[in-house]
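If you want the building blocks of each chain, they are given just below.
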Amino acid sequence: MNSNIELVKEIRNGYYCTWIFKCSMSLITTKIESERTGTYIQVNKATVIARIGIGIGYSQLNEFSAIIDVPCLSSNTYGKLFEQISQNIEQTAWEQIRLAGKTFVNRSWGY
């Protein structure tokens, strides 16, 4: 790495990180993020979705993060994301139930 560039600051929000670098010669500051925003599912949200999918809780997620030496989401951030995702899952389930009922009625009555 170039010795004229120094890490000024690291900002962590769960598994998402931002690093601020500064060039000592040009005094230009650059921000590098661990993911592209808006392109993919956010890493913190993807982590909670995966946790739900494999059936582990926050404690196991925290333990896994410790094993791989990566700081885990805070329990507050995890809780907020879990609540959002749970509501989306519930809405999707009710919509699928509604559609299945509509299909059943249509087939039963020959529509």
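Residues numbered from 1 in each chain as written. Predicted model: local features only at pLDDT ≥ 70, side-chain atom pairs only at ≥ 80, totals over all residues. Heavy atoms only, no water.

Here we look at the packing of aromatic side chains
Part 1 of the argument: The full count for this structure, using the stated rule, is two aromatic pairs.
Part 2 of the argument: Between Tyr58 and Tyr78, the aromatic rings sit 5.1 Å apart at their centres with planes inclined by 50 degrees, giving tilted as the arrangement. Within this pair, whereas Tyr58 is found in helix 2 (residues 58–67), its partner Tyr78 is found in helix 3 (residues 75–109), the two being separated by 20 residues in sequence.
Part 3 of the argument: For Tyr58, a relative accessible area of 23% gives the class partly exposed.
Part 4 of the argument: Centre to centre, the rings of Tyr78 and Phe82 are 6.0 Å apart; their planes meet at 15 degrees, and the pair counts as stacked. Of this pair, Tyr78 and Phe82 both sit in helix 3, separated by four residues, roughly a single helical turn.
Part 5 of the argument: For Phe82, a relative accessible area of 30% gives the class partly exposed.
Part 6 of the argument: The structure contains a cluster of three or more aromatic residues connected by ring pairs, namely Tyr58, Tyr78 and Phe82. (Phe/Tyr/Trp six-rings, centres within 6.5 Å; stacked < 30°, edge-to-face > 60°. Helix = DSSP H or I, 4+ residues; strand = E, 2+ residues; numbered from the N terminus. Buried < 20%, exposed > 50% of the residue type's maximum accessible area, 1.4 Å probe, protein only.)

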